[in-house]
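Analysis of the macromolecular model
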Amino acid sequence: MEDIKTADDGQFLETVSAWISREDHRVTVLANLSSLIYHYLDDVSWCGFYLAEGDDLYLGPFQGKPACTLIPKGRGVCGSAYESGKTLIVDDVLSFPGHIACDSASRSEIVVPLRGFGVLDLDSTKEARFTQREKVLLEKTMEILSSVL
């Protein structure tokens, strides 16, 4: 893999597609994908997956500090995004009703649902870190991922 930091978003998506197509084991795909995203985007303190099982989301492969292991559907940013099926960008997690603080340093968050599977969750220690750019990029990334799951 060439230096992921020097890629543009199109090259990043090509890299994601190439890495995903190499593997057929779900955990391996999710582990490498969380690493690719974590290293590609600046100012990300945590990047990983929460996987759906019943009405709960369980911690999956991630990059960053140890995290919450269980999030009920509809609770916090992850549970709310999973329940609604829509990407959520939270500029200030301290103002989000019911925010679940896995890392007290986290200030902003984006959560992209992967229908019937779980969510991709990214945190930053900077307020208002995530923009429309990351929303589009990560939703396209989840489309690529859904094609192999």
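The structure this text deals with has already been given above.
Owing to the predicted nature of the structure, the values given are computational and were not obtained by experimental measurement.

What follows covers the packing of aromatic side chains. Considering all chains together, one arrives at 3 aromatic pairs under this definition. Ring geometry for Trp46 and Phe62: centres 5.3 Å apart, planes at 20°, overall stacked. Placement of Trp46 in strand 1 (residues 46-53) and of Phe62 in strand 2 (residues 56-64) is noted, with a sequence separation of 16 residues between them. Feature note: the residues Trp46, Tyr50 and Phe62 constitute an aromatic cluster, connected by ring pairs. The lysine or arginine in question, Arg22, covers the ring of Trp19, its NZ or CZ lying 4.6 Å from the ring centre.

Once that is clear, we can look at the state of the cysteines. Enumeration according to the criterion identifies 1 disulfide in this entry. Across a sulfur-sulfur distance of 1.9 Å, Cys68 and Cys102 are joined as a disulfide pair. Measuring the twist about the S-S bond at about -125°, one finds the Cys68-Cys102 disulfide to be left-handed. Note that Cys68 is positioned in the loop between strand 2 and strand 3 (70-72) and Cys102 in the loop between strand 4 (88-90) and strand 5 (108-114), a separation of 34 residues in sequence. Looking at Cys47, it has no disulfide partner, and the nearest cysteine sulfur is the one in Cys78, 11 Å off. Owing to a relative accessible area of 0%, Cys47 belongs among the buried residues under this scheme. Cys78 takes part in no disulfide bond, and the closest cysteine sulfur, belonging to Cys102, lies 7.5 Å away. Residue classification places Cys78 among the buried residues on the basis of a relative accessible area of 4%.

About the criteria used
Residues numbered from 1 in each chain as written. Predicted model: local features only at pLDDT ≥ 70, side-chain atom pairs only at ≥ 80, totals over all residues. Heavy atoms only, no water. Phe/Tyr/Trp six-rings, centres within 6.5 Å; stacked < 30°, edge-to-face > 60°. Helix = DSSP H or I, 4+ residues; strand = E, 2+ residues; numbered from the N terminus. Lys NZ or Arg CZ within 6 Å of the ring centre and 35° of its normal. Disulfide = S-S within 2.5 Å. Buried < 20%, exposed > 50% of the residue type's maximum accessible area, 1.4 Å probe, protein only.

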